[in-house]
Amino acid sequence: DVASMLIAMSESFLDAEPKKQAALLMIAKKLMDCLQENIVMPKEKKAKPSDTVYQLKITLSDVKPPIWRRIEVKDCILSTLNDIIQIVMGWNGCHLWGFDIGGEEYGDDATGETEMTSARKIKLSQIVQAGIKKFRYTYDFGDNWDHVIQVEKVLEADSKVKYPRCVKGSRACPPEDCGGAWGYGDFLEAIQNPKHSQHEEMLEWVGGEFDPEAFDLEAVNKELAGE
């Protein structure tokens, strides 16, 4: 209605007397002020959770040179994040696992042996929104493979990309049940030294060969994609 009045006034403005033009200008100004005060600007469109991608760096603790992976993942519950970590790191998923986030432990212990909150009750987005940039993940409470998970970036999803995906990484995952970070060091020493008393035994145990520097990014992403 206000806009219609302004249009009608503009049509009669040129033919009006100077005093009337001045009055019309004052009225027009008030109408414009009214229009600006009441116009509803469209709200900025917020990204949906499905449009958001979290870039995480996962580093295995106490192992040097470091074993790590960088992944991009959409919002998910922690039990799903566990499945992704298992694939990108190279674990077999045959042991208990848990997240330590701000002193609260989350896991999926069907045995009831641990007092962990269900990892199905919290999402990655909730952790990020709480301002937590770093948390821990432990696999195999016997060998105690401790991982540090760093939230590096929050990105907008690319419609051409299939998530989750691993974008970078370094070095092979240690063999399951080799005794944790310290046992892994002893294992490498044995297989790399033909004169070591356990050289043949450890090579046989690991299947004949093991390359600690190997990491196949393409193979990891194929497994993530279910191929």
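What you see is a predicted model; the values in this text were computed from it and never measured.

Student: How would you explain the pattern of salt bridges if you had to name every residue and give the values?
Tutor: Inspection of every chain in the model, using the stated rule, returns six salt bridges. Here Glu152 and Arg70 are joined by a salt bridge, their closest N and O atoms 2.6 Å apart. Here Arg70 lies in strand 2 (residues 68-74) and Glu152 lies in strand 7 (residues 145-156), a separation of 82 residues in the sequence. By relative accessible area, which is 30% here, Glu152 ends up partly exposed. For Arg120, the salt bridge identified is with Asp108, shortest N-O distance 3.8 Å. With Arg120 in the loop between strand 5 (117-118) and helix 4 (124-129) and Asp108 in the loop between strand 4 (104-107) and strand 5, this pair connects stretches of sequence that are 12 residues apart. The class for Asp108 is partly exposed, based on a relative accessible area of 37%.

Student: Account for the nonpolar core, naming residues and giving values.
Tutor: Grouped together as the largest cluster of nonpolar side chains are 44 residues, with contacts concentrated most on Leu56, Ile71, Leu78, Leu81, Val88, Phe99 and Phe135. Beyond its immediate stretch of four places on either side in the chain, Phe135 contacts Leu81, Phe99, Asp100, Ile101, Leu124, Ile127, His147, Val148, Ile149 and Val151.

Student: How would you sum up the pairing of strand 6 (residues 134-139)? Please name residues and give values.
Tutor: The pairing of strand 3 (residues 97-101) with strand 6 spans four bridges and is classified as antiparallel. Residue Gly98 lies in a different strand from strand 6, and its bridge partner there is Thr138. Here strand 6 runs beside strand 7; their pairing, made up of six bridges, is antiparallel. If you follow Arg136 over to strand 7, its bridge partner there is Val148. Between strand 6 and strand 7, which follow one another and run antiparallel, lie five residues, and Asp140 among them has a positive phi close to 70 degrees.

Student: Lay out the pairing of strand 2 in plain terms, naming residues and giving numbers.
Tutor: Looking along a regular strand, one sees the side chains alternate between the two faces of the sheet. Of all seven residues making up strand 2, six are buried, and the element is well covered by its neighbours. Here strand 1 (residues 52-60) runs beside strand 2; their pairing, made up of seven bridges, is antiparallel. Each residue of the ladder has a partner; that of Lys57, found in strand 2, is Arg70. Bridging between strand 2 and strand 8 (residues 165-170) involves five bridges; their strand directions are antiparallel. Within strand 8, the residue paired with Arg69 across the bridge is Gly169.

Student: Talk me through helix 6 (residues 199-206); I want residue IDs and the actual numbers.
Tutor: Within the sequence span of helix 6, burial applies to His199, Met202 and Leu203. Down the axis of helix 6, the buried side of the element spans an arc of 100 degrees, and every buried residue falls inside it. Seen from the open side of helix 6, the exposed residues pointing more than 90 degrees away from its buried face are Glu200 and Glu204. Contact partners of the buried residues in helix 6: helix 5 (180-192). Trailing helix 6 by a residue or two, Gly207 shows a phi angle of about 100 degrees, which is positive.

Parameters at a glance
For every chain, the first residue of the written sequence is number 1, and numbering continues from 1 along that sequence. Restriction of local features to residues with pLDDT of at least 70 applies here, the model being predicted, together with a cutoff of 80 or more for giving and counting side-chain atom pairs; totals for whole chains, interfaces and linings are based on all residues. Excluding hydrogens and water, the side-chain figures rest on all heavy atoms present in the structure. What counts as a salt bridge is simple: a side-chain nitrogen of Lys or Arg found within 4 Å of a carboxyl oxygen of Asp or Glu. Going along the chain from the N terminus, every DSSP run of H or I of four or more residues is numbered as a helix, and every run of E of two or more is numbered as a strand. Only protein chains enter the area calculation, which uses a 1.4 Å probe; residues under 20% of their type maximum are buried, those over 50% are exposed, and those in between are partly exposed. To qualify as a nonpolar core, a set must consist of buried Ala, Val, Leu, Ile, Met, Phe, Trp, Tyr and Cys residues joined through side-chain atoms within 4.5 Å. Two residues qualify as a contact provided that any one of their heavy atoms is within 4.5 Å of a heavy atom in the partner residue. By the convention used here, strands pair only if DSSP detects at least 2 bridges between them. Working note: the arc is built from the helix axis to C-beta atom directions.

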